[in-house]
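# A look at the structure
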Amino acid sequence: MEKQNTYQRIYQMVKKIAPGKVATYGQIARLAGLAGHARQVGYALHNLPSGSDVPWQRVINSRGRLSFPEESVAWHMQKSILESEGVKFSENNTISLLKYQWKSF
DNA sequence: CTCGTGACGGTAT
DNA sequence: TATACCGCCACGA
């Protein structure tokens, strides 16, 4: 029960990302008080129960690319959702962090 | 307790 | 630009 505290912190932070914006794993980790633990953010999202209201699709890696193989179903789904929120992808399937990265303050 | 794993990030080559 | 490694550490076997 209590061990989910770390996950909850991550989930709460991800929930704050505004629609049409994205954040990197490292950024979420840092804001959640877990500086340098980007992998734990990915682990937490992987563990995310289906049907939750956490906008997991808004979390991408530092290179502005989705963390799934491009041929995977999950990859296409994440891209689809982000586009519906207004995030545009470049031809090489990357997102401009300069333009879409979420600012927390 | 040890070990492998991973929806990552940075640096080196 | 693309790989290859390594650091980091929660989690489960």
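Our structure's up above, just so we're on the same page.
Our subject in this report is the structure included herewith. Small disclaimer: the values here were computed from a predicted structure and weren't measured.

### Examining the overall build of chain A
Summing up its helical and strand segments, chain A has five helices and two strands in all. The C-alpha atoms of chain A give a radius of gyration of 13 Å, which matches the 13 Å a tight globule of 105 residues would have. For chain A, buried positions account for 40% of its 105 residues. Long-range contacts, defined as pairs at least 24 residues apart, comprise 60% of the intrachain contacts of chain A with a sequence gap of at least 6.

### Thoughts on the protein's contact with DNA strand B
In the region of DNA strand B, 14 residues are neighbours, and Arg39, His46, Trp56, Asn61 and Ser62 sit closest. In DNA strand B, atoms within 4 Å of the protein come from the sugar-phosphate backbone in 43% of cases. One of the backbone N or O atoms of glycine 26 is found 3.4 Å from a phosphate oxygen in DNA strand B. A distance of 3.3 Å separates a base nitrogen of DNA strand B from a polar atom in the backbone of histidine 46. Residue assignment for the surface near DNA strand B shows that the elements contributing at least two residues are α2 (25-31) and α3 (38-46). At six residues, the largest contribution of residues to the surface near DNA strand B is made by α3. Classifying every residue of the surface near DNA strand B gives five nonpolar, eight polar and one charged.

### Things to note about the layout of surface pockets
Empty space within the largest pocket amounts to approximately 300 Å³. Around the largest pocket, the lining residues are Tyr25, Gly42, Leu45, His46, Leu48, Trp56, Val59, Ser67, Phe68, Ala74, Met77 and Gln78. Elements that contribute at least two residues to the lining of the largest pocket include exactly α3 and α4 (73-84). Residue composition of the lining of the largest pocket, grouped by class: eight nonpolar, four polar and no charged.

Definitions and cut-offs
- Residues numbered from 1 in each chain as written.
- Chains lettered and ligands numbered in written order.
- Predicted model: local features only at pLDDT ≥ 70, side-chain atom pairs only at ≥ 80, totals over all residues.
- Heavy atoms only, no water.
- Helix = DSSP H or I, 4+ residues; strand = E, 2+ residues; numbered from the N terminus.
- Rg over C-alpha atoms; globule rule 2.2 N^0.38 Å.
- Buried < 20%, exposed > 50% of the residue type's maximum accessible area, 1.4 Å probe, protein only.
- Contact = heavy atoms within 4.5 Å.
- Near = heavy atom within 4 Å.
- Polar contact = N/O pair within 3.5 Å; in protein donor to acceptor, adjacent residues only side chain to side chain.
- Nonpolar A, V, L, I, M, F, W, Y, C, P; charged D, E, K, R; others polar.
- 1 Å grid on protein atoms, 1.4 Å probe; cavity = no way out; pocket = protein on both sides within 12 Å on 5 of 7 lines; lining within 4 Å.
- Points joined across faces, edges and corners; volume = space filled by probe spheres on them.

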